[in-house]
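# Coordinate analysis (summary)
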Amino acid sequence: MLAHLSGFVIACLGWIPPLAIYFAKRNGSPYVRHHAAEAANFQITLLIPYVFAWVVFIGLGIFFPNLSWIGSLLIALIWIVSIVFGVLGANGANKGTWYRYPVSIRLLK
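Predicted model only: the values in this text are computed from it and were never measured.

We now examine the overall build of the protein. The helix and strand inventory of the protein stands at 4 helices and 0 strands. Along the protein, helices and strands appear, N-terminal first, in the series α-α-α-α. Principal-axis analysis of the C-alpha atoms places the extent of the protein at approximately 50 × 25 × 20 Å. Every one of the 109 residues in the protein was classed for burial, and the buried ones make up 37%. Intrachain contacts of the protein at a sequence separation of at least 6 include 66% that bridge at least 24 residues. For the protein, the accessible surface area stands at approximately 6,300 Å², while carbon and sulfur atoms represent 77% of it.

Right under this line is the structure:
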């Protein structure tokens, strides 16, 4: 559950806690390994839109300062998606189900 919830607390660096849990517990419990891998995969997948949103924010801030709010809005929307799916994943882990994120690049198995 901690792997799912830690992702949105740290925002752009949300992949670090689930990855640490994955490497620490991957040989112990298949259930913990699954949830830590799912959370880490989802947070690593979110790096792609986070990088895009930051580039938009900085680019618009430099060239069109009046439009830099668009980048801020993108970052906030990505963070909200992280919160929603993180809570769903934590809820699934708490109930004992094998939750899978609907949109995630499967790097860790």
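This next bit is on the packing of helix α1 (residues 2–9) against helix α3 (residues 30–63). With their axes 8 Å apart at the nearest point, α1 and α3 run at an angle of 20 degrees to one another. Viewed along their axes, α1 and α3 adopt a mutual orientation that is roughly parallel. Crossing geometry of α1 relative to α3 is assigned as right-handed. Contacts from A3, H4, G7 and F8 of α1 reach α3 at H35, A36, A39 and Q43.

Inspection of every chain in the model, using the stated rule, returns 1 salt bridge. Measuring nitrogen to oxygen at the nearest pair gives 3.1 Å for the salt bridge that ties R106 to E38. Taken together, the positions of R106 in the segment after α4 (69–95) and E38 in helix α3 put the pair 68 residues apart, joining distant regions of the chain. Classification of R106 by relative accessible area gives partly exposed; the value is 26%. The exposure class assigned to E38 is buried, which follows from its relative accessible area of 5%.

Another point: the environment of L5. Counting through the fold element by element, L5 comes out in helix α1. For L5 and Q43, which are 38 residues apart along the polypeptide, the C-alpha to C-alpha distance reads 11 Å.

This brings us to α3. Helix length check: α3 (34 residues) gives 49 Å between terminal C-alpha atoms against 50 Å at 1.5 Å per residue, within 8%. At I48, α3 is bent by approximately 25 degrees, the largest bend along its length, and proline P49 sits one to four residues beyond.

Reading guide: rules and limits
Residues numbered from 1 in each chain as written. Predicted model: local features only at pLDDT ≥ 70, side-chain atom pairs only at ≥ 80, totals over all residues. Heavy atoms only, no water. Helix = DSSP H or I, 4+ residues; strand = E, 2+ residues; numbered from the N terminus. Buried < 20%, exposed > 50% of the residue type's maximum accessible area, 1.4 Å probe, protein only. Contact = heavy atoms within 4.5 Å. Areas by Shrake-Rupley, 256 points an atom, 1.4 Å probe, with all protein chains shown as cover. Axes fitted to C-alpha atoms, helices over the stretch in contact; angles between N-to-C directions. Parallel < 35°, antiparallel > 145°, perpendicular 65-115°, else oblique. Left-handed = near helix turned anticlockwise from the far one by under 90°. Salt bridge = Lys/Arg side-chain N within 4 Å of Asp/Glu carboxyl O. Expected span 1.5 Å × (residues − 1). Bend = angle between axes of the 7 residues up to and from the residue.

Coordinates in, geometry out; function isn't part of it.
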